[in-house]
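Results of the structural survey
One-letter residues, chain by chain:
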Amino acid sequence: FAAEKKLDPRFTFYRRGTASYVDKKGIVRYASSNEPRFDHHPTSGASLGLLIEKQQSNYQPYSVDMTQGANSNAVTVINDAAIAPDGTMSASKIIGSDNQSTSQRLGWGTQSVANSSYTMWSIWLKSEETSCIIQIYSNTYTFGADHLNVELADGTVGGHTNNDATFRYNLEKYPNKWWRLSWGGNGNASGNSGGMYVAVVPAMNSARAADTGSAHGKVWYAWGLQEEVSTESRIATSYIPTYGSTATRYGEHLQMQDDDFDDFFDRFQGTIINEHSNALQSYTGGG
């Protein structure tokens, strides 16, 4: 699959609706119904083979329109201001105010997450500034009082206080200075909803929910917001665009059976080799 990037005709494949993948140039693309997805590493362009995912939903109704965040503060948002990771002019430009004594942030309301479930957020971010440090944190509805600081200039991370199963994050580089940042944690005992924030902070050691301070007025870009909730998955899945309501990427089904399988695999003396990796190992904690 990785070498050929096409589906052997002995397989039957179906998926209802569209789904996204990354092409060999690192651009996010969209496959139509029943079209297999052949994914790639976003910077090396290496073919990763056939992408198969279970059904998952993006609960944030506006993945592209960053003006819709209910908890944003002290920022001006200009939509359709830059080329997004999918090649369209749909990324939002975020401009901080001159007020140094407040949090300059994007913010959103969250879903309720039971203690038997996991939440995973993801967003693409970038900045043309010499330094622009982004902080992610919640109002403690999940992963408690933890947070993460990310320098968009080079992908340096710091500031987090917890590296266990309750908090996870991953930072993946994309072309044109974009980073896909994903993070999340376990639900809480009361299953409450809350708030999630992406803010600018002045230093790599800035405390959770710090005022913007000397970093006021920074300019950065955002695209592709995603909020997932699952009882099984603790990693961010492929991008699910939304335009005003929750959207679902339906599960994929791949099957080889009957004579096709007998032709493919000698059940008396054949061998199947399974090579796999634990995706959680790339996330800090929970692997």
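About the cut-offs
- Residues numbered from 1 in each chain as written.
- Predicted model: local features only at pLDDT ≥ 70, side-chain atom pairs only at ≥ 80, totals over all residues.
- Heavy atoms only, no water.
- Salt bridge = Lys/Arg side-chain N within 4 Å of Asp/Glu carboxyl O.
- Helix = DSSP H or I, 4+ residues; strand = E, 2+ residues; numbered from the N terminus.
- Buried < 20%, exposed > 50% of the residue type's maximum accessible area, 1.4 Å probe, protein only.
- 1 Å grid on protein atoms, 1.4 Å probe; cavity = no way out; pocket = protein on both sides within 12 Å on 5 of 7 lines; lining within 4 Å.
- Points joined across faces, edges and corners; volume = space filled by probe spheres on them.

Considerations on the pattern of salt bridges
- The tally for this structure, following the rule as stated, stands at 10 salt bridges.
- Between E232 and K54 there is a salt bridge, with the nearest N and O atoms lying 2.9 Å from each other. Here E232 is found in the loop between β17 (219-230) and β18 (247-249), whereas its partner K54 is found in the loop between β5 (47-51) and β6 (56-58), with 178 residues between them in sequence. For the pair shown, E232 and K54 are each scored as exposed.
- Among the salt bridges present, the one from E128 reaches K177, with a minimum N-O distance of 2.9 Å.

Notes on the layout of surface pockets
- The calculated volume of the largest pocket comes to roughly 1,600 Å³.
- Lining the largest pocket are 49 residues; nearest its centre among them are D39, L48, L50, L51 and I52.
- Of all the secondary-structure elements, those providing two or more residues to the lining of the largest pocket are β2 (19-22), β4 (37-40), β5, β14 (167-173), β15 (179-186), β17 and α1 (258-264).
- If you tally residues by element for the lining of the largest pocket, the top one is β5, at four residues.

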